[in-house]
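Here is how the chains run, residue by residue.
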Amino acid sequence: MIQIDLLSGDKLSFEPYKGLSIVSLNGSSKKFHIDEGPLRIICDTLSHGNYHHLDNLIDSTGRKILDKGVRTIKYDKQGFYVVEDNNEDELINRYHCIPGDKYEEKHCIVLNNGTILANQWFDDIMVLPHGYFKVFKDNKENLLNLNSEFYLHSYVDFITVFYGDYAYYINDGVLYKANKSGEHIKIKELNTLPVKGKYILRQLRVEDGNVVGYNKPISTFQFPYNSLVYKAYGDDFLPTENNGTNVIDKHSRLIFNQWYDSVEFSHMPGLYYVCRNNLWSMVDIAENKVVGSEYSLLTPFQCGYAIARNTNNTYCVVDISGKIIVDGFTSVLQTQKGGIWNVQYYKNDSHKTFFHGQGNSFIFIIQCLLTETNWLGLLEKDNIWYYFDDNQQMVPFCEYKLSISSDK
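Residues numbered from 1 in each chain as written. Predicted model: local features only at pLDDT ≥ 70, side-chain atom pairs only at ≥ 80, totals over all residues. Heavy atoms only, no water.

A. Seen up close, the overall build of the protein chain. Scanning the protein chain from terminus to terminus reveals 2 helices and 37 strands. Long-range contacts, defined here as pairs at least 24 residues apart, represent 39% of the contacts in the protein chain between residues at least 6 apart. As displayed, the protein chain has an accessible area near 20500 Å², and 48% of this comes from carbon and sulfur atoms. (Helix = DSSP H or I, 4+ residues; strand = E, 2+ residues; numbered from the N terminus. Contact = heavy atoms within 4.5 Å. Areas by Shrake-Rupley, 256 points an atom, 1.4 Å probe, with all protein chains shown as cover.)

B. Local environment of empty space enclosed by the protein. Under the criterion given, the structure shown has 2 cavities of 30 Å³ or more. One number sums up the size of the second largest cavity: a volume of about 30 Å³. Lining of the second largest cavity is provided by S281, M282, V290, V291, G292, S293, Y295 and G322. Broken down by class, the residue content of the lining of the second largest cavity amounts to 4 nonpolar, 4 polar and no charged. (1 Å grid on protein atoms, 1.4 Å probe; cavity = no way out; pocket = protein on both sides within 12 Å on 5 of 7 lines; lining within 4 Å. Points joined across faces, edges and corners; volume = space filled by probe spheres on them. Nonpolar A, V, L, I, M, F, W, Y, C, P; charged D, E, K, R; others polar.)

C. Quick look at the sheet that holds strand β13 (residues 158-159). The 4 strands lie next to each other as β13-β14-β15-β16, forming an open sheet whose pairing is antiparallel. A strand with exactly one partner marks an edge of an open sheet, and here the two such strands are β13 and β16 (184-189). Sheet topology note: the β13/strand β14 (residues 166-171) ladder contains 2 bridges and is antiparallel. When the bridges of β14 are listed, I159 appears paired with Y169. (Pairing = 2+ DSSP bridges.)

D. Region of the structure containing the sheet that holds strand β12 (residues 140-145). Read from one edge to the other, the open sheet built from 3 strands follows the order β10-β11-β12, with strand pairing classed as antiparallel. Sheet topology places β10 (124-128) and β12 at the edges, where each strand pairs with a single neighbour. Strand-to-strand twist of the sheet, defined as the mean angle between neighbouring strand axes without regard to direction, takes the value 25°. Judged from the 6 bridges that link them, strand β11 (residues 132-137) and β12 form a sheet pairing that is antiparallel. Across the sheet, residue F133 finds its bridge partner in β12, namely L144. (Axes fitted to C-alpha atoms, helices over the stretch in contact; angles between N-to-C directions.)

E. Quick peek at the pairing of strand β33 (residues 342-347). Buried residues dominate β33, accounting for 5 of its 6 residues. When strand β32 (residues 331-334) meets β33, the two strands line up antiparallel, connected through 4 bridges. Bridge pairing in β33 links V332 to Y346. Pairing of β33 with strand β34 (residues 350-355), which is carried by 6 bridges, proceeds in the antiparallel orientation. Within β34, the position partnered with K347 by the bridge is S350. (Buried < 20%, exposed > 50% of the residue type's maximum accessible area, 1.4 Å probe, protein only.)

F. Looking closely at the side chain of D284. Within the fold, D284 resides in strand β27 (residues 279-284). Buried within the structure, D284 lacks any salt-bridge partner; K177 is the closest side chain of opposite charge, at an N-O distance of 7.3 Å. (Lys, Arg positive; Asp, Glu negative; His and termini not counted. Salt bridge = Lys/Arg side-chain N within 4 Å of Asp/Glu carboxyl O.)

G. Inspection of the packing of aromatic side chains at higher detail. For the coordinates displayed, the defined rule picks out 25 aromatic pairs. Ring geometry for F256 against Y260: centres 5.7 Å apart, planes inclined by 85°, an arrangement best described as edge-to-face. For the pair F256 and Y260, a shared accessibility class is recorded, and that class is buried. Look at W375 and Y387: their rings are 4.0 Å apart centre to centre, the planes differ by 0°, and that puts the pair in the stacked class. Residue W375 is found in the loop between α2 (361-372) and β35 (378-381), and its partner Y387 is found in strand β36 (residues 384-388); the two are separated by 12 residues along the sequence. In this pair, the class of W375 matches that of Y387, namely buried. Aromatic ring contacts, followed pair by pair, group F32, W375, Y387 and F397 into a single cluster. One Lys or Arg, K177, reaches over the ring of Y166 and ends 4.3 Å from the middle of that ring. (Phe/Tyr/Trp six-rings, centres within 6.5 Å; stacked < 30°, edge-to-face > 60°. Lys NZ or Arg CZ within 6 Å of the ring centre and 35° of its normal.)

H. Representation of the pairing of strand β9 (residues 105-111) in the model. When you tally the buried positions in β9, you get 6 out of 7 residues, the bulk of the element. Two strands pair when backbone bridges link them, and strand β8 (residues 80-86) and β9 are joined in this way by 7 bridges, in the antiparallel orientation. By the bridge assignment for β9, V83 is matched with C108.

I. Quick look at the confidence of the model for the protein chain. Across the protein chain, the average pLDDT comes to 80, with 79% of residues at or above 70. Confidence over residues 89-103 falls short of pLDDT 50; this stretch has 27 contacts with residues more than four positions distant or in other chains. In the model, residues 209-235 has pLDDT below 50 throughout and makes 91 contacts with residues more than four positions away in sequence or in other chains. (pLDDT = per-residue confidence, 0-100.)

See below:
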């Protein structure tokens, strides 16, 4: 059993096969509460010799919400369940390590009242801030809100995050700005970048100019010759060349008019981190600089917020508009949700990665905590660690002196 002291006087405890729990001063223990919403996630069936279990949702009367078990169900604190399913052929092949001849995934959103949003399943869903979703069908995209309203009348090549009053989108090589009143303003036509050759992209491969993954063509992208190309969140691609870095769309057209020293993806569609002279700023897809300062570090967005390092080596939390929500912290512990099981530790101008099993007991239990919760991370000031709650407030959590040089 591993424990750390909390400022409340209780202890946060981790025990194998039991997970996280809160131990009070009188010794009583209760499971660490993670909000799972008003519906209950249950194990519906076991399939293919118990290689994989399928989940379902039930309401307070015991009624099943979905007509069959699905692969995963996750609750989001915005008030809904993200459901993912796939075909059985893929399951059999995955767990027998045989390349599958089929790979079909479908996703839907189940609301707290047990209804399926828009009564539709999609090829993929990306959860965005403020009650919006980016939904994918047949390699096209749209925005959908919690009232089952689509932002655009038809699906397009690429659509950005909803900024409050407007969203940008790309269709047929043209960048548009769409607002709530239904106006579609043409911003510019994208320039085509000459392409040739084949390239290997992480776990994907390119055949005859097509990106192929899981034995199913997922798009028809092509890439610039002699470039380093990355698969990115939101189906953009990043070419790096001698004269700088830019972003290309699905048909190898340049997004930005200018080239930067470096470009990173923010995990928010249409919002990018660009670097010049070792300083990072945020720009949108129309290359407008998002209101805010320049930073020496920007971490990917999670749940609508990112952590930034100021030029004086303190840390702050910013939203998608670039507004600084809280500021003045000395160090940060953060995990990327759904990513590699590790903890990123930032202190002043230093950075260290603790992979699973590395670091002391404090790092281990914080790793478990951040992996299981929707917390953006823990931020430290004067050895007090805080978490960022749903009301945009920093809540003191525990006291611990952590050093990059001393913790292995």
